[in-house]
Amino acid sequence: MAAIVKELQNQKWRSALIGYVIGGNPSFKDMLKFVYGVWNTVTTPQVYLHDEGYFIFRFDDEEDKLKIMQNGPYTYNNRPMILKQWVPYFKLAEEPLNAIPVWIVFPNLPIQYWAIENLGRIASCLGKPICTDKLTAKEERISYARILIEMDVAQPLLESVTLEEPDGSCILQSIEYEWKPEYCQECLQIGINDQQQPRRQQKKAKQQQWKAKPSAGPPAEAAEKANEGPKENHKVVNLMEESQEIQRCNNRDKQKME
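Quick caveat: nothing in here was measured; it's all calculated off a predicted structure. For every chain, the first residue of the written sequence is number 1, and numbering continues from 1 onward in sequence order. Reporting in this predicted model follows two pLDDT cut-offs: at least 70 for local features of residues, and 80 or more for side-chain atom pairs to be given and counted; totals over whole chains, interfaces and linings ignore these cut-offs and use all residues. Note that the side-chain values use all heavy atoms of the structure and ignore hydrogens as well as water.

Caption draft 1: Inspection of the overall build of the protein at higher detail. Tallying secondary structure elements over the protein gives seven helices and 15 strands in all. Across the 258 residues in the protein, those meeting the buried criterion constitute 47%. In the protein, of all internal contacts separated by at least 6 residues, the share reaching a separation of at least 24 is 72%. Here the protein has roughly 14,000 Å² of accessible surface; of this, 48% comes from carbon and sulfur atoms. Runs of E in the DSSP output that reach at least two residues are strands. Runs of H or I that reach at least four are helices, and both are numbered from the N terminus. The buried label goes to any residue with under 20% of its type's maximum accessible area, the exposed label to any with over 50%, and the partly exposed label to all in between, with areas taken from a 1.4 Å probe on protein chains only. The criterion used for residue contact is that any of the two residues' heavy atoms lie within 4.5 Å. With residues, only the protein chains shown are counted as cover, and all accessible areas are computed by Shrake-Rupley using a 1.4 Å probe.

Set out below in structure tokens:
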């Protein structure tokens, strides 16, 4: 019985987000002003302030929650605002400061790779995929794909990935970051650079480099030859491998895929 009650309580909060500001400590009143002014495209969520300094935003439904996530990133007083899915037993003091949700752009990603499974595979090589934006999910903007990924920013950020087809052919795909967190290896914290705040960047078209499979050697060797950059800034994505789950623009799209 106790387990049932606990599960019902957890379900009650699944449409909630946890939020905090890096390098900032907004008051409850100031955060309410932010929510009313910026998140006016959805029904105003209930806002809670925890003594540890983080907020919980509980929305009416999953669709409103995903819409807010997809419309990010957000800043508060020019400082990055981090939003994460609510989880039980969250403690800000134990939160790894290197695990940060970052919006990633894949410019000129060929449309044949926009299936949810392929987007998940590509995003998984960078971190834990969270969701796509609505235009990517509905394929209404095909010049670039945009995905929110929780990344370990203490590690070197990839500049490109090689996408390996089942037949062994490869494509070199560039990566753009809407915000590059500056992680200090000495203090183990994310620094704030006023010249580099999360923002929507105009996407510039970049030429794709197609790599044909060599006549000799297995597909892995072809992918290795396509990797022209430093290994720490590049990875190979096998589009036949399993990927982590990635959320579509809303529940209706997710149900169609299931």
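Caption draft 2: Structural view of the packing of aromatic side chains. Only rings of Phe, Tyr and Trp enter the pairing, Trp through its six-membered ring, and a pair is recorded when the two centres are within 6.5 Å. The plane angle decides the type: under 30 degrees is stacked, over 60 is edge-to-face, the rest tilted. Taken as a whole, this structure holds ten aromatic pairs when the rule is applied. With 6.3 Å between their ring centres and 85° between their planes, Phe-34 and Tyr-74 make a pair best called edge-to-face. In this pair, Phe-34 sits in helix H2 (residues 28-38) while Tyr-74 sits in strand E4 (residues 74-76), placing the two residues 40 residues apart along the sequence. Take Phe-34 and Tyr-74: they sit in the same class, and that class is buried. Grouped by ring-pair contacts, the aromatic residues Phe-34, Trp-39, Phe-55, Phe-57, Phe-59, Tyr-74 and Tyr-76 constitute a single cluster.

Caption draft 3: Representation of unusual backbone geometry. With an omega of 5°, the peptide bond between Gly-72 and Pro-73 qualifies as cis. Notably, Tyr-89 is not glycine yet its phi reads approximately 65°, a positive angle. Mapped onto the fold, Tyr-89 is located in the loop between strand E5 (79-85) and strand E6 (99-107). The class for Tyr-89 is exposed, based on a relative accessible area of 67%. Even without a glycine there, the phi angle at Glu-139 is positive, about 55°. Mapped onto the secondary structure, Glu-139 falls in the loop between helix H5 (134-137) and strand E8 (144-152). Here Glu-139 falls in the partly exposed class, since its relative accessible area comes to 38%.

Caption draft 4: Representation of helix H4 (residues 116-124) in the model. The element H4 is extensively covered by neighbouring structure, given that seven of its nine residues are classed as buried. All buried positions along H4 are accounted for by Ile-116, Asn-118, Leu-119, Gly-120, Arg-121, Ile-122 and Ala-123.

Caption draft 5: Main features of the nonpolar core. With 37 residues, the main nonpolar core has Ile-104, Leu-109, Leu-126 and Tyr-177 as its most contacted residues. Sorting the residues of this core by element identifies strand E1 (16-21), E6, H4, E8 and strand E9 (160-164) as the ones contributing at least two each. Other than its neighbours up to four places away in sequence, Ile-104 contacts Leu-126, Ala-145, Arg-146, Ile-147, Ile-149, Met-151, Ile-175, Glu-176 and Tyr-177. Joining through side-chain atoms within 4.5 Å is the link that ties buried Ala, Val, Leu, Ile, Met, Phe, Trp, Tyr and Cys residues into a set, and such a set is a nonpolar core.

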